[in-house]
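What follows is the residue order along each chain.
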Amino acid sequence: MKYYSTNGAAPIADLHKAVVKGLAEDRGLYMPEEIKILPKAFFDNIQDMKFQDIAYNVAGAFFGEDVDHDALQDIVYDTLSFDCPVVKVKDNIYSLELFHGPTLAFKDVGARFMARLLQFFIRQEGQHEQVNVLVATSGDTGSAVANGFLGVEGIHVYVLYPKGKVSPIQECQFTTLGKNITAIEVDGVFDDCQALVKSAFMDAELNQHMKLTSANSINVARFLPQAFYYFNAYARIKALGKADNLVMCVPSGNFGNICSALFGHTMGLPIKRFIAANNANDIFYKYLQTGKYEPKASVQTLANAMDVGDPSNFARIINLYSQNNKLTNEATHHRITNLISGATYSDEQIKETMRQCYKDTNYILDPHGACGYQALVDGLQEGEVGVFCETAHPAKFKEKVDDILNIDVEIPDRLAAFMKGEKQSVPMTKDFKDFKDYLMKQ
Ligand SMILES: *Cc1c(COP(=O)(O)O)cnc(C)c1O
């Protein structure tokens, strides 16, 4: 499969290049040249298939030309070593729990898939030089990437995080791993970490010294595998005989997760319509209302993984529905609003939703999932069945959830295990020279 850039001014790339580079030369996002429609027989039998086999079929449509069948199956099965259940919350509303992976985050799937795909390419080339992944994190991405790449031969990961600015649980998830994961504790804020990573990619001497790559969330190997979740959700709801008017609701920040769901829809997945649920960062919501996209600085909310003021995957969604810029803005907007509606919630509304849902159903929502649940409560129509993504385990936001619901959320064993490990990190200033000196010695 070949990949083109949403900005239309970069050379076409093969999968290997798209994965290693992440972003195209013109700073556009890579899009597959073709989105294959899956056969009717697949959808007819999907309710009898297990998650891994459904995912293997979907993966084949994207990656089957570039990765041989056995290797792809191995990558998919290894990535999906956990369950992804659909849980009834009330009436016609179901929670798609995306938090049963190693770090209890839905980003685990993309991170692990990317690590294994990169390893496949390294082996295929018989390459002996180590590949180094640099990732800046404000918390969640770092843990998913670090755990996804943990123990993957031939790849070393450097996680840069702002000192004192990530939660203790998050910090444990990438500082206690050891092996091929190095945590770098930067005396600065998240933007300083990101600036260090960007400078490193641009430094010629450093790039001569070591092979560098990023594991950014816009990477095709990270975002496309998230489509697996939606095929699985459809299968589980179909098995209940309730999939005829299915509404999929995705709490969104950078819109990677919902974008993968929309790719699934293009592949033939019978979802009637989508809802993008936002916190107070309502740029996409406003786009749906007005047709104008006006990015702005993000505001901090309770659902902080969705605090995004300029969603990076917006360009992919526009590209998908404009047929690679062939349609006018109006026609594109019309197609998008026909399929996707929006919702936006303040912190007060998120808290109220969490309390009300807990009171009515005993289900514990995290602040991100709460946006998705409420958007279904508010927007589901007669005869529709709604599924919202619960994107994080409530224990990941324990202090907030305990405080809002006045409970003591149980910490799953997997999360508790991280907290027992010994923290190891390399202290670093926010001065690029120091970071470069350190890398030049590795
Ligand atoms: C990353 C994240 C989101 C937002 O996902 P996007 O793909 O950026 O839209 C929502 N909830 C949680 C818990 C996340 O970690």
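Keep in mind that what you see is a predicted model, and the values were worked out from it rather than measured. (Residues numbered from 1 in each chain as written. Predicted model: local features only at pLDDT ≥ 70, side-chain atom pairs only at ≥ 80, totals over all residues. Heavy atoms only, no water.)

Draft legend 1. Broad picture of unusual backbone geometry. Of note, the phi angle at D91 is positive, near 35°, even though the residue is not glycine. Inspection of the secondary structure puts D91 in the loop between β4 (86-90) and β5 (93-97). On the accessibility criterion, D91 (56% relative accessible area) is exposed. With phi around 60°, L104 is a residue other than glycine that occupies positive phi space. Along the polypeptide, L104 turns up in the loop between β5 and α5 (107-124). (Helix = DSSP H or I, 4+ residues; strand = E, 2+ residues; numbered from the N terminus. Buried < 20%, exposed > 50% of the residue type's maximum accessible area, 1.4 Å probe, protein only.)

Draft legend 2. View of the packing of helix α14 (residues 314-321) against helix α15 (residues 329-339). Where α14 meets α15, the axes come as close as 9 Å, and the angle between the chain directions of the two elements is 105°. Considering the angle they form, α14 stands roughly perpendicular to α15. For the pair α14 and α15, the contacting residues are I317, I318, L320 and Y321 in the first and T332, R335, I336 and L339 in the second. (Axes fitted to C-alpha atoms, helices over the stretch in contact; angles between N-to-C directions. Parallel < 35°, antiparallel > 145°, perpendicular 65-115°, else oblique. Contact = heavy atoms within 4.5 Å.)

Draft legend 3. Geometry of the nonpolar core. Within the largest apolar cluster, 142 residues are counted, with the highest numbers of intra-cluster contacts made by F63, L96, F149 and F231. Among the elements that line this core, the one with the most residues is α5, at ten residues. Setting aside anything within four residues of it in sequence, one finds F149 in contact with A111, M114, A115, L118, V133, I155, V157, N180, I181 and A215. In this structure, Y158, L206, Y438 and L439 belong to the second largest nonpolar core, which totals 17 residues. (Core = buried A, V, L, I, M, F, W, Y, C linked by side-chain atoms within 4.5 Å.)

Draft legend 4. Quick look at the pairing of strand β6 (residues 131-136). Of all six residues making up β6, six are buried, and the element is well covered by its neighbours. Side chains V131, V133 and V135 project from β6 onto one buried face, and the interleaved N132, L134 and A136 project onto a second face that is buried too. Bridge analysis of β6 against strand β7 (residues 155-162) gives six bridges, and the strand direction is parallel. Directly across from V135, in β7, lies its bridge partner V159. Note that the unit made of β6, helix α6 (residues 140-149) and β7 has a crossover that is right-handed. One ladder, built from four bridges, connects β6 with strand β9 (residues 211-214); its direction is parallel. Its bridge partner lying in β9, V133 is registered against T213. (Pairing = 2+ DSSP bridges. Right-handed = clockwise from strand over helix to strand, strands pointing away.)

Draft legend 5. Spatial organisation of the site of the ligand. In the vicinity of the ligand lie 14 residues, with K107, G253, N254, F255 and T391 positioned nearest. One nitrogen or oxygen atom from the side chain of K107 is found 2.5 Å from an oxygen atom belonging to the ligand. Between G256 and the ligand, the recorded distance is 3.1 Å, taken from a backbone N or O atom to an oxygen atom. (Near = heavy atom within 4 Å. Polar contact = N/O pair within 3.5 Å; in protein donor to acceptor, adjacent residues only side chain to side chain.)

Draft legend 6. Here's a closer look at the sheet that holds strand β1 (residues 2-5). Reading across from one edge, β2-β1-β3 is the order of the three strands in this open sheet, with antiparallel pairing throughout. If you trace the sheet from one side to the other, it starts and ends with β2 (13-14) and β3 (30-32), each paired once. Relative to β3, β1 runs antiparallel, the two being bridged by three bridges. Bridge pairing links Y4 to M31 in β3.

Draft legend 7. Spatial organisation of the packing of helix α16 (residues 347-361) against helix α18 (residues 398-405). Look at α16 against α18: their axes get within 9 Å of each other, and the N-to-C directions meet at 65°. For the element pair α16 / α18, the angle class is roughly perpendicular. For the pair α16 and α18, the sense of crossing is right-handed. Facing K351, M354, R355 and Y358 of α16, the residues of α18 in contact are V401, I404 and L405. Among the residues forming the contact of α16 with α18, the class breakdown is five nonpolar, no polar and two charged. (Left-handed = near helix turned anticlockwise from the far one by under 90°. Nonpolar A, V, L, I, M, F, W, Y, C, P; charged D, E, K, R; others polar.)

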